[in-house]
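Listed here are the chains, written in short residue letters.
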Amino acid sequence: MEFIVISLIKAAVVLAVLLTTLAYLQWVERKVIAHIQVRPGPYRVGPHGLLQPLADVIKLITKEDLMPPHASKLLFVAAPFISVTTALISISVIPFGPAITVAGHRTWMQLTDLSMGVLFVLAVSSMGVYGIALAGWASNNKYALLGGLRSSAQMISYELPQSLAIASPLLLSNTLSLRELVESQSATGSVLSWNILHGPFPQIFSFVIFLISAFAETNRIPFDLPEAENELVAGFHTEYSSMKFASFFMAEYANMITVSAMAVLLFLGGWVAPWPAAYGSGLVPTLLFAAAGVIALSHGLRPARRRDRYSLPVFGIVFLAIAVLFLLPVVQGWLLPLFWFLAKTGALLFTFIWVRGTLPRFRYDQLMGFAWKFLFPIAVVNLLVTGLLVAWFS
Amino acid sequence: MDGILFLIFAVVAVLCGINVVVQTHPISSAISLIGVMGSLAVLYLLLGAEFLAVAQVIVYAGAVMVLFVFVIMLLNAGAEARKGRSFMVQLLGVPLLVALLGLLAYFVQRLFPQTVLVQFGKFTGGGAREVGRALFTTYLLPFEVTSVLILIAILGAIVLARKELE
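Residues numbered from 1 in each chain as written. Chains lettered and ligands numbered in written order. Predicted model: local features only at pLDDT ≥ 70, side-chain atom pairs only at ≥ 80, totals over all residues.

Peer 1: Sorry if this is basic, but what is going on with the overall build of chain A here?
Peer 2: Scanning chain A for helices and strands turns up 13 helices and 2 strands. Taken over C-alpha atoms, the radius of gyration comes to 22 Å for chain A, in line with the 21 Å a tight globule of 394 residues would show. In terms of overall dimensions, chain A has C-alpha extents of about 65 × 65 × 50 Å along its principal axes. A total of 394 residues make up chain A; the buried ones form 42% of that total. A separation threshold of at least 6 residues defines the contact pool for chain A, and within that pool the share at least 24 residues apart is 76%. (Helix = DSSP H or I, 4+ residues; strand = E, 2+ residues; numbered from the N terminus. Rg over C-alpha atoms; globule rule 2.2 N^0.38 Å. Buried ≥ 20, exposed ≤ 12 C-beta atoms within 10 Å, placed from the backbone. Contact = placed C-beta atoms within 7 Å.)

Peer 1: Could you clarify how one ought to interpret the overall build of chain B in this entry?
Peer 2: Counting secondary structure elements, chain B contains 6 helices and 0 strands. For chain B, the α and β elements follow one another from N to C terminus as α-α-α-α-α-α. In terms of overall size, chain B is more extended than a compact globule, its C-alpha atoms giving a radius of gyration of 20 Å where 166 residues would be expected to give roughly 15 Å. In chain B, which comprises 166 residues, the proportion classed as buried is 15%. Excluding contacts between residues fewer than 6 apart, the proportion of contacts in chain B whose partners are at least 24 apart in sequence is 61%.

Peer 1: Help me understand the domain arrangement of chain B in this model?
Peer 2: It is common to give the size of an interface as the accessible area that goes away when the parts come together. According to the domain assignment, chain B consists of domain 1 (1-77 + 119-125) and domain 2 (127-166). Here domain 1 of chain B and domain 2 of chain B have C-alpha centroids that lie 23 Å from each other. (Domains from an automatic or database assignment.)

Peer 1: Whenever I open this one, the interface of chain B and chain A confuses me. Can you help?
Peer 2: Taken together, the 16 residues of chain B in the interface contact 18 residues of chain A. Sorting elements by how many residues they give to the side of chain B that touches chain A places helix α3 (residues 50-75) of chain B first, with 13 residues. Its residues placed into classes, the side of chain B that touches chain A shows 13 nonpolar, 2 polar and 1 charged. (Nonpolar A, V, L, I, M, F, W, Y, C, P; charged D, E, K, R; others polar.)

Peer 1: I'm lost on the confidence of the model for chain B in this one. Help?
Peer 2: Detailed reading of the predicted model is not advised wherever pLDDT is low. The pLDDT averaged across chain B works out to 85; a share of 97% of its residues lies at or above 70. The complex model carries a pTM of 0.86, and its ipTM stands at 0.80. (pLDDT = per-residue confidence, 0-100.)

Pasting the structure below:
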């Protein structure tokens, strides 16, 4: 009984946080891209456009839901569901932090720990292809069909180097459970025991291969061929409108979050701090938030726009309050690991957005050639060398 | 609980299996086949073969069936027309099917007597470690021979495709 109640509470919290993050990731992306292109981005709805995701959701829900004629009705409706379900399921095995004790109940900051956690995420993400492929096929539209075809070809191709890149750190950690994976990287409690730098063979190459394939798997620039608008209108979701269209976007962002979290767990030590707490890694979040608060306050004193006179001091005080929160010993035990996990995941998510603002799109033959002639052989060699060295030194 | 889940997914697997044959459109058949693979994965999981279950989803439902769907989409195969059944099929179809099922049931009964019963949760050697150990010790030769066989099949496919190009 206690188990069911705790699991339900955890599932509700994770779902609420995940869905809010999905909505606000869109806002972050628009803001970051805007600043890369030297423009303010969303600014009208709420202070600094902070209520823009809410407005977008209302807009998408109230839009007319169109169904193209002669489309395969069942599959046309099912495709966005498949996409969004497979994208959201993976979060159930991702651990966010170590075991914590809340009101006398000891529990893990994770919905469930599978002994096959890594393979489970791979299996679920491999099912995600169907959402896009079937959406393209069911739309009864040439552009959508071509987009669906491109995307399934691309996702099958890049799944291979990605799986091989995942296999190498597993050789070092010797486990398939995501929780034990992090525990195996926390030996010295510093950056040196993370799989990306850990001996006998640092997994820096696997990390890069994994990240490149992750861009392709999530259909992001520079690999967003399935929705290349100058050739394919909008690709597989050309015919979709309203919430069905929004589900594809939710799926894309949820996949980005999952794949960033996987990279953090596999290579970057999960919730382990970059250096031991004895050398003051516990003060980093306090200093960061305090600095952000001070900057916001000082800008609030000399506002560039009239609205900033009220919004920036409020942000500054909120940041300072968070900085103080990180100093409380009661919450430090679970807040610090959570901070490090979210900070690493956030940094990778920022990389996704940064790349989108920087790189142009690949040509289709380049995309396939890159996967099969470059990435795949390198991943195989990397796996062989890792296996050899692990066997040699153990 | 295990028994109920087994019944649900066994029924789903059989229904999807029948649907593969009954559907006229290749893509509906392919999706039914994905349903069969998925239910089989759950049945493996119920029997304690967790690695096999995940491998089933990754390899069959994830990779093989995606290629099926991909090829169907690429060829843009339409729905097949239903032709009138021949007289022999109408007359002998059902009796032959019943005879086949009866024969299968009889042989299963003979080969696996009632003394050996399946018990859920009793088998624990289905993890990645155990499967890997078995593959690289007891079944090393069949495992390696199978991989060579697959390599030969790939080479054959390339040779055939080459001939087509020239």
